[in-house]
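# Structural features, examined
So the chains spell out like this:
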Amino acid sequence: MSSYAARRTALRQALQAADLDALLVTNLLNVRYLTGFTGSNAAVLVDASGDDASVFCTDGRYLTQSAKQVPDLERLIDRPCDTALASRAKGRLGFESHHVTVDGLDELTAAAGKVELHKAGGLIEKLRLVKDEVEIEALRMACAAADRALAALIGHGGLRAGRTEREVARELESRMLDHGAEGPSFSSIVAFGANSAVPHHSPTDATLHTGDLIKLDFGALVDGYHSDMTRTLVLGKPADWQRDLYDLVARSQAAGRDALEPGVKVSDVDHASREVIEKAGHGGDFLHGLGHGVGLEIHEAPALSKAGAGTLSAGMAVTVEPGVYLPGRGGVRIEDTLVVRESGPELLTLTTKELVVV
Ligand code: ZN
Ligand code: ZN
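Given the structure is predicted, the values throughout are model-derived calculations rather than measurements. (Residues numbered from 1 in each chain as written. Chains lettered and ligands numbered in written order. Predicted model: local features only at pLDDT ≥ 70, side-chain atom pairs only at ≥ 80, totals over all residues. Heavy atoms only, no water.)

So, about the state of the cysteines. Tallying each qualifying case throughout the model produces 1 disulfide. The disulfide bridge from C57 ends at C81, spanning 2.2 Å between sulfur atoms. Looking along the S-S bond of the C57-C81 disulfide, the torsion reads about -75°, which is the left-handed sense. Separated by 24 residues along the polypeptide, C57 in strand β3 (residues 55-58) and C81 in helix α4 (residues 81-86) bring together distant segments of the chain. Owing to a relative accessible area of 0%, C57 belongs among the buried residues under this scheme. (Disulfide = S-S within 2.5 Å. Helix = DSSP H or I, 4+ residues; strand = E, 2+ residues; numbered from the N terminus. Buried < 20%, exposed > 50% of the residue type's maximum accessible area, 1.4 Å probe, protein only.)

What follows is the structure in structure tokens.
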């Protein structure tokens, strides 16, 4: 059975548990998750009774592509897909209420006729929380592309005095493409010197100076899966305060990674990491959550934060990314992408976490 068919089987169990006869899937990422289709317009009607009764829909632009990518479901070429599929449904039809707009619901209601529409938002997102091995392999490749791009950037002297943040961001992104990425998984953060104290700094024309902290937060996209890593380096000899800050964040990050175990509350993982920074008197300088899930989206569940709900399960892919930011001086963040495993977390980001001095 293909991984897509296995995911549809898992969804069918969720549909039966929710007492639904079918689910109309309109979130394109969820369509991709269930079928492998990568085009820009599609929907799928997943019938609780099996693939034989399920229908995939896209428009004429994707006639050839959909035949190749979705050979195992009945295909409908029509537009708009959501109402075309709703008009074919019977019984109790779930729809992705977290995705359908108010206007879209009016259209669905008109198309569904006697079919009973039921809110079923988030059913697939719940399945997506735990990655299968095909997904983890894509994440592994995405992490490797980012690791290799950073090594090549450093190896080719890309981090030298006088370069701008924008230039470095462009080179990093182009090197990720060289190493197998379809693209960057989000707009890269490149921050020099005092700019590194801004957690989500956008690259500017600011130039790199000897003695600057260099914060790089970036990731690669492979097979639709996003990697996410941050490294903070120093150009030239680090000052004592830079080394101390780095060591503190590195200890916090290690504590967060060590806490990644199935069954542990996500808020406890945040606490394990945050406690290290709080004890050092810098709790007020760590102003974001510890991490987030990654997969078909760069930020997805679970959120590893103080307010995060739920517990970890084996197969979840998450980031661990504490940071301490000293306004006007500089900041350090260290971020890896990892998979929660029964035997201890699997690290997908393999770049060293020793302080790199360039
Ligand atoms: Zn990041
Ligand atoms: Zn992140």
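Neither face of β3 is exposed, since V55 and C57 on one face and F56 and T58 on the opposite face are all buried. In the sheet, strand β2 (residues 42-47) pairs with β3 via 4 bridges, with the strands oriented antiparallel. Looking at β3, one finds that L45 is bridged to V55. Where β3 and strand β4 (residues 74-77) come together, 4 bridges link them in parallel fashion. Across the sheet, residue T58 finds its bridge partner in β4, namely I77. (Pairing = 2+ DSSP bridges.)

Quick look at the sheet that holds strand β5 (residues 92-95) now. Spatially, 6 strands are ordered β4-β3-β2-β1-β5-β6 in an open sheet, and the strand pairing comes out mixed. Among the strands making up the open sheet, the edge pair consists of β4 and β6 (116-119). On average, each strand axis in the sheet is inclined to that of its neighbour by 25°, with strand direction left out of account. Looking at chain direction, strand β1 (residues 22-25) and β5 are connected through 3 bridges and run parallel. The residue of β5 that forms the bridge with A22 is L93. (Axes fitted to C-alpha atoms, helices over the stretch in contact; angles between N-to-C directions.)

Coordination sphere of the zinc ion (ligand 1), protein contribution only: D217 (OD), D217 (OD), D228 (OD) and E335 (OE), at 2.0 to 2.6 Å. Here the zinc ion (ligand 1) binds 4 donor atoms, and the angle range of 54 to 153° at the metal identifies the geometry as irregular. Along the chain, the residues that donate to the zinc ion (ligand 1) are spaced as D-x10-D-x106-E. Separating the zinc ion (ligand 1) from the zinc ion (ligand 2) is a distance of 3.1 Å, and D228 supplies a donor atom to each of them. Residue D217 is found in strand β9 (residues 213-218), and its partner D228 is found in the loop between β11 (225-226) and β12 (229-234); the two are separated by 11 residues along the sequence. (Donors = N, O, S within 2.8 Å, 3.2 Å for Na, K, Ca; no water. Tetrahedral: all angles 85-135°; square planar, octahedral: opposite > 155°, others 65-115°.)

Distances from the zinc ion (ligand 2) to its protein donors, namely D228 (OD), H292 (NE2), E321 (OE) and E335 (OE), fall within the range 2.0 to 2.2 Å. Classification of the site at the zinc ion (ligand 2) as irregular follows from its 4 donor atoms and the range of 77 to 152° in their angles at the metal. Ordering the donors of the zinc ion (ligand 2) by residue number gives the pattern D-x63-H-x28-E-x13-E. Residue D228 is classed as buried on the basis of its relative accessible area of 4%. By relative accessible area, which is 0% here, E335 ends up buried.

Before going further, it helps to spend a moment on the sheet that holds β9. Across the sheet, 3 strands lie side by side as β8-β9-β12; this open sheet has antiparallel pairing. Edge positions in the sheet fall to β8 (189-192) and β12, since each has one partner strand and no second. This sheet shows a mean twist of 10° between the axes of neighbouring strands, independent of strand direction. Both β9 and β12 contribute to a ladder of 6 bridges, which runs antiparallel. Bridge pairing in β12 places L216 opposite R231. Taken strand by strand, helix α8 (residues 165-178) contacts β8 and β9, and its axis lies near 145° from that of β8. (Contact = heavy atoms within 4.5 Å.)

Okay, the pattern of salt bridges next. For the structure shown, the criterion picks out 27 salt bridges. The salt bridge partner of R175 is E171, with a shortest N-O separation of 2.7 Å. Of this pair, R175 and E171 both sit in helix α8, 4 residues apart, which is roughly one turn of that helix. Note on E171: relative accessible area 15%, which makes it buried. (Salt bridge = Lys/Arg side-chain N within 4 Å of Asp/Glu carboxyl O.)

Tracing the chain through its elements places S188 in the loop between β7 (183-184) and β8. In terms of polar contacts, S188 uses its side chain to reach the side chain of E173, at 2.6 Å. Setting aside chain neighbours within four positions, we find S188 in contact with A169, E173, M176, P203, D217 and F218. (Polar contact = N/O pair within 3.5 Å; in protein donor to acceptor, adjacent residues only side chain to side chain.)

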